[in-house]
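What follows is each chain in one-letter form.
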Amino acid sequence: MSNISGKAILLTGATSGIGRALALRLSSEGARLAVCGRSPEKMASLLDAITTAGGRPPLHATFDLASEQEILAFIERANADLGCLDILINNAGVNITKAPVSEIQTDHFDAMLAVNLRAPMIFMREAFRLMSARGEGHVVNILSSACLYSNETMGAYTAGKAGLDALTRIFRKECQPHGIRVTAIYPGGTNTPFRAKPRPDYMAAESVAEAIVGLLNLPGDVVPHEFVFRPEVEVNYP
Ligand SMILES: NC(=O)c1ccc[n+]([C@@H]2O[C@H](COP(=O)([O-])OP(=O)(O)OC[C@H]3O[C@@H](n4cnc5c(N)ncnc54)[C@H](OP(=O)(O)O)[C@@H]3O)[C@@H](O)[C@H]2O)c1
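Below is a short write-up of the structure. (Residues numbered from 1 in each chain as written. Predicted model: local features only at pLDDT ≥ 70, side-chain atom pairs only at ≥ 80, totals over all residues. Heavy atoms only, no water.)

## So, the site of the ligand
Our working definition: To be near a molecule or strand, a residue needs just one of its heavy atoms within 4 Å of it. Any pair of N or O atoms that falls within 3.5 Å is considered a polar contact. Within protein, one atom must be able to donate a hydrogen and the other to accept it, and sequence-neighbouring residues count only if both atoms are side-chain atoms. Methods summary: accessible areas were calculated by the Shrake-Rupley approach with a probe of 1.4 Å, and residue burial reflects only the protein chains presented. Secondary structure is summarised from DSSP: a helix means a run of H or I of at least four residues, a strand means a run of E of at least two, and numbering begins at the N terminus for each. Under the grouping applied here, Gly and all other residues not named as nonpolar or charged are polar, the nonpolar ones being Ala, Val, Leu, Ile, Met, Phe, Trp, Tyr, Cys and Pro and the charged ones Asp, Glu, Lys and Arg.
In the vicinity of the ligand lie 29 residues, with T15, S16, Y157, T192 and R195 positioned nearest. Backbone polar atom of S39 to an oxygen atom of the ligand: 2.7 Å apart, as the coordinates give it. Considering the ligand on its own, with 900 Å² of exposed area, one finds that the protein chains cover 95% of that surface. Put simply, the parts of the chain that give the shell around the ligand at least two residues each are α1 (17-28) and α5 (155-175). Each residue belonging to the shell around the ligand can be placed in one class, and the counts come to twelve nonpolar, twelve polar and five charged.

Below is the structure:
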């Protein structure tokens with residue numbers, strides 16, 4: 001039997017790419033989901049796909065993750081509706097622009113940090129409050145293999161992800177006495193709308209979702225800290 005069946009899972013960035021594939025996969029495993037995204041049209045499409053596949057429509061909301069107020073309201077709704085929070089998956093992420101550090105626009109930098117670093121921090125903090133009260137829980141942060149090397153023009157994106165990487169490592173230690181597991185996931189290139197153009201040589205979103213579900217299904221005495229995986233074409237990256 002799947003570890004995921006019946007679990008209360010909050011997933012961000014569920015309207016596209018990896019998050020959408022994950023929402024569909026977790027729903028098919030019998031998870032009780034609360035999902036958020038930004039685009040109402042894409043959310044409607046996800047809900048349609050879930051119900052067409054025979055799943056129950058999840059609690060859902062669309063809002064900009066730059067708003068702390070909206071994040072807090074969504075977490076409270078999710079906790080009230082699902083009755084608890086077993087797993088938080090911080091998946092939403094954005095790369096608004098690629099630019100050398102010497103040309104990064106401040107508004108782009110702020111917008112990227114808001115989604116890639118500040119929003120997951122708020123979700124982690126609030127999840128800790130809910131999970132520590134029960135003495136159990138699992139927080140999964142989708143980082144990027146970009147954290148692991150220094151790629152020109154990727155400064156703003158990498159700064160947000162590397163910041164979240166640091167926060168995740170510290171959070172893992174702080175969570176351990178409270179029975180909360182913290183997993184950092186570092187996917188390599190994935191063929192999603194995140195990319196400016198299709199990359200069929202990269203991993204499919206469904207394959208990445210499958211890898212994450214496999215990790216959630218590990219035996220209870222195995223605590224996954226870090227998971228790095230890439231498409232074959234990136235095998236030579238450091
Ligand atoms: N694709 C890759 O090669 C790759 C590699 C490594 C790591 N990652 C990471 O994997 C995660 C998923 O990426 P993906 O490839 O699936 O990207 P994607 O297809 O572009 O999906 C990103 C998700 O984040 C949501 N989002 C973005 N900005 C938001 C905002 N301001 N407020 C609320 N939601 C927002 C999007 O919502 P809407 O679509 O509704 O706007 C969407 O659901 C991200 O954290 C990304 O950094 C991706």
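On we go from here.
## Describing the packing of helix α4 (residues 106-134) against α5
Rules: Every angle, taken between N-to-C directions, lies between 0 and 180 degrees, and every axis is a line fitted to C-alpha atoms, over only the stretch in contact when it is a helix. Orientation labels follow simple angle bins: below 35 degrees gives roughly parallel, above 145 gives roughly antiparallel, 65 to 115 gives roughly perpendicular, and whatever is left gives oblique. Left-handed describes a crossing whose near helix is turned anticlockwise from the far helix by less than a right angle; the clockwise case is right-handed. Any two residues whose heavy atoms approach within 4.5 Å are treated as being in contact.
At their nearest, the axes of α4 and α5 sit 8 Å apart, and the two run at 15 degrees to each other. Between α4 and α5, the crossing angle belongs to the class labelled roughly parallel. Along this stretch, α4 crosses α5, giving a crossing that reads as right-handed. Taken together, the residues of α5 that come into contact with α4 (itself represented by F109, M112, L113, N116, L117, P120, M121, M124 and F128) are A156, Y157, A159, G160, G163, L164, L167, T168, F171, E174 and C175. For the contact of α4 with α5, the residue count by class is 15 nonpolar, four polar and one charged.

## Section: the pairing of strand β4 (residues 87-90)
Consecutive side chains of a regular strand alternate in pointing toward one face of the sheet and then the other. Worth spelling out the cut-off: Relative accessibility under 20% of the residue-type maximum defines a buried residue, over 50% an exposed one, and the middle range a partly exposed one, all with a 1.4 Å probe and only protein chains included. Strand pairing follows a simple DSSP-based rule, namely that at least 2 bridges must link the two strands.
Taking every second residue as pointing to the same face, both faces of β4 are buried, with I87 and I89 on one and L88 and N90 on the other. Sheet topology note: the strand β1 (residues 8-11)/β4 ladder contains three bridges and is parallel. Paired with L11 across the strands is I89, a residue of β4. By the bridge criterion, four bridges tie β4 to strand β5 (residues 137-142) in an arrangement that is parallel.

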